[in-house]
Amino acid sequence: MKWVPERRERIARGLFFLFERLVFADGDGKEVIRDIIRHPGGVSVLPIHGDQVTLIRQYRAPLDRWLLETPAGKMNPGEDPEVAARRECIEEVGLEPGELIDIGPMESSPGFTDEIIHLFLAFDAIPTDIDPDGPEEHHAEIVTMSLAEALHAVDVGEISDSKTRVLLLTAARRNDAGTG
């Protein structure tokens, strides 16, 4: 079956996202409908200082709870992912990364969104003034813990955010291989 949409319908436009319906025909001529969220892309960065990592605990309205996660955010149109990663790290945890290592992109949930999150490890960060953007960041808590403690938090479900898990596990793997 060729997956070429026969129709595209804009359902709505939000502040940052486009909600779109795609209509395909399957091999038997039946309609296949998929609702899609179009996303401008994002970044996530894990600041590492020796055996310590810095995370942010902030309220997430879609889940109606507080999550412990890496500094992250939406990219501006045409923005370089590294520039966005540096900006988000300063905004959310008051750290300006020295070296950024690009871990590559990840698709957050390809069953319903085209969001791609560019992942980075940050080293040699310099403390700077925090520059929160939005009410969640203004009320957030900056959390520094050892990488081992963060990995334990993953194991027991305290850290459930996928981008944060990927970055923490990548940092641990690099550390075990002696490349961190």
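Chemist: Quick question: what am I supposed to make of the side chain of Thr 70 here?
Modeler: Inspection of the secondary structure assignment puts Thr 70 in the loop between strand E6 (65-69) and strand E7 (72-74). Among the polar contacts made by the side chain of Thr 70, one reaches the side chain of Ser 44 at a distance of 2.4 Å.

Chemist: Looking at this structure, I do not really get the pairing of strand E10 (residues 116-123). What am I missing?
Modeler: Side-chain positions along a regular strand alternate between the two faces of the sheet. Burial analysis of E10 places six of its eight residues in the buried class, which makes it a mostly covered element. In this sheet, E10 lies alongside strand E4 (residues 42-49) in parallel orientation, the contact comprising six bridges. Across the sheet, the residue bridging to Val 45 is Phe 120, located in E10. Judged from the eight bridges that link them, strand E9 (residues 99-107) and E10 form a sheet pairing that is antiparallel.

Chemist: Just to check I follow, could you spell out the packing of aromatic side chains for this structure?
Modeler: Aromatic ring pairs are reported here in terms of the distance separating the ring centres and the angle at which the planes meet. Summed over all chains, the structure comprises three aromatic pairs. Seen from their ring centres, Trp 3 and Phe 24 are 5.1 Å apart, and the 70° between their planes marks the pair as edge-to-face. Linking Trp 3 in the segment before strand E1 (7-13) with Phe 24 in strand E2 (residues 18-25), this pair joins segments that are 21 residues apart in sequence. For Phe 24, a relative accessible area of 7% translates into the label buried. Relative to Trp 66, the ring of Tyr 59 has its centre 6.1 Å away and its plane inclined at 65°; by these criteria the two rings are edge-to-face.

Chemist: Which parts of the structure should I look at to understand helix H1 (residues 81-93)?
Modeler: With 13 residues, H1 should cover 18 Å at 1.5 Å per step; its first-to-last C-alpha distance of 18 Å lies within 8% of that length. Within H1, burial applies to Ala 84, Ala 85, Glu 88, Cys 89, Glu 91, Glu 92 and Val 93. The residue sitting at the N-terminus of H1 and contributing the capping side-chain oxygen is Asp 80; that oxygen lies 3.0 Å from the backbone nitrogen of Glu 82. One or two residues past the end of H1 sits Gly 94, with phi positive at roughly 65°.

Chemist: Could you clarify how one ought to interpret the nonpolar core in this entry?
Modeler: Nonpolar side chains in soluble globular proteins tend to be buried together. Core analysis: the largest hydrophobic core is formed by 22 residues, its most contacted members being Leu 46, Val 53, Leu 121, Ile 159 and Leu 168. Within the residue set of this core, elements represented by two or more residues are E4, strand E5 (52-60), E9, E10, strand E12 (141-146), helix H3 (147-155) and helix H4 (162-176). Membership of the second largest hydrophobic core comes to 12 residues, among which are Val 43, Val 45, Met 75 and Ala 84.

Chemist: Would you take a moment to explain the pairing of strand E3 (residues 31-38) for this structure?
Modeler: As defined by bridge partners, E2 adjoins E3 across eight bridges and the pair is classed as antiparallel. Residue pairing in the sheet places Arg 21 in a bridge with Asp 35 of E3.

Definitions and limits used
Residues numbered from 1 in each chain as written. Predicted model: local features only at pLDDT ≥ 70, side-chain atom pairs only at ≥ 80, totals over all residues. Heavy atoms only, no water. Helix = DSSP H or I, 4+ residues; strand = E, 2+ residues; numbered from the N terminus. Polar contact = N/O pair within 3.5 Å; in protein donor to acceptor, adjacent residues only side chain to side chain. Buried < 20%, exposed > 50% of the residue type's maximum accessible area, 1.4 Å probe, protein only. Pairing = 2+ DSSP bridges. Phe/Tyr/Trp six-rings, centres within 6.5 Å; stacked < 30°, edge-to-face > 60°. Expected span 1.5 Å × (residues − 1). Core = buried A, V, L, I, M, F, W, Y, C linked by side-chain atoms within 4.5 Å.

Geometric values such as these leave the question of function open.
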